[in-house]
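# Analysis of the macromolecular model
Single-letter residue listing:
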Amino acid sequence: MSDAHGVARDQLRSFIERIERLEEEKKTIADDIKDVYGEAKGTGFDTKILKKVIAIRKQDKDERMEQEAILDTYLAALGMIDAPAAA
């Protein structure tokens, strides 16, 4: 086998092994997150709401305000809340 093939093989093996290690770390972190949600649930917190809060915190203020306005518009159109007052 030529040296170039050996180098490519070594690079490929390195990439695969790095990905495998990262996948294992990802699984460990996912398990840790699941444990934290379990702890929160055990103390009386609603985990569905916690997940929503986390998703909201990832958004910037403008994005969040836009989504809230659209949600209010849809809910008002369905008669689920009072229509927003006109400006």
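The following paragraphs examine the structure supplied in this document. Note that the structure is predicted; figures quoted are calculated from it, not measured.

## Quick look at the packing of aromatic side chains
Within the structure shown, the criterion is met by zero aromatic pairs. In this structure, K51 is placed above the aromatic ring of Y37, and the distance from its NZ or CZ to the ring centre is 5.0 Å.

## What to know about helix α3 (residues 61-77)
An α-helical turn contains 3.6 residues, so any two residues separated by three or four positions project in the same direction. For α3, spanning 17 residues, the distance from its first C-alpha to its last is 24 Å, which sits close to the expected 24 Å at 1.5 Å a residue. Immediately beyond the C-terminal end of α3, within one or two residues, lies G79, with a positive phi of roughly 75°.

## Looking at helix α1 (residues 3-42)
Taking 1.5 Å as the rise per residue, α1 with 40 residues should run 58 Å; its terminal C-alpha atoms sit 58 Å apart, in good agreement. If you check which residues of α1 are buried, you get G6, Y37 and A40. The inward-facing, buried residues of α1 abut α2 (47-58). Phi turns positive one or two residues past the end of α1, at G44, with a value near 105°.

## Regarding the pattern of salt bridges
The tally for this structure, following the rule as stated, stands at four salt bridges. Notably, a salt bridge pairs R13 with D10, separated by 3.8 Å at the nearest N-O pair. With R13 and D10 both in helix α1, this residue pair falls three residues apart, about one helical turn. For D10, a relative accessible area of 42% gives the class partly exposed. With its nearest N and O atoms 3.3 Å apart, the salt bridge here joins K26 to E23. On the criterion of helical spacing, the pair formed by K26 and E23 is a turn pair, its members being three residues apart in helix α1. Each of R9, D10 and R13 takes part in salt bridges that share partners, so that together they form one network.

## Remarks on the packing of α1 against α2
Helix packing geometry: the angle between the two helix axes and the distance between the axes. Relative to each other, α1 and α2 sit at 125°, their axes nearing to 9 Å. Classed by the angle they form, the pair α1 and α2 counts as oblique. Of the residues in α2, those touching α1 at Y37, A40 and K41 are T47, L50, K51 and I54. Residues belonging to the contact of α1 with α2 are distributed by class as follows: four nonpolar, one polar and two charged.

Quick notes on the rules
- Residues numbered from 1 in each chain as written.
- Predicted model: local features only at pLDDT ≥ 70, side-chain atom pairs only at ≥ 80, totals over all residues.
- Heavy atoms only, no water.
- Phe/Tyr/Trp six-rings, centres within 6.5 Å; stacked < 30°, edge-to-face > 60°.
- Lys NZ or Arg CZ within 6 Å of the ring centre and 35° of its normal.
- Helix = DSSP H or I, 4+ residues; strand = E, 2+ residues; numbered from the N terminus.
- Expected span 1.5 Å × (residues − 1).
- Buried < 20%, exposed > 50% of the residue type's maximum accessible area, 1.4 Å probe, protein only.
- Contact = heavy atoms within 4.5 Å.
- Salt bridge = Lys/Arg side-chain N within 4 Å of Asp/Glu carboxyl O.
- Axes fitted to C-alpha atoms, helices over the stretch in contact; angles between N-to-C directions.
- Parallel < 35°, antiparallel > 145°, perpendicular 65-115°, else oblique.
- Nonpolar A, V, L, I, M, F, W, Y, C, P; charged D, E, K, R; others polar.

Bear in mind that shape data such as this cannot, by itself, settle questions of function.
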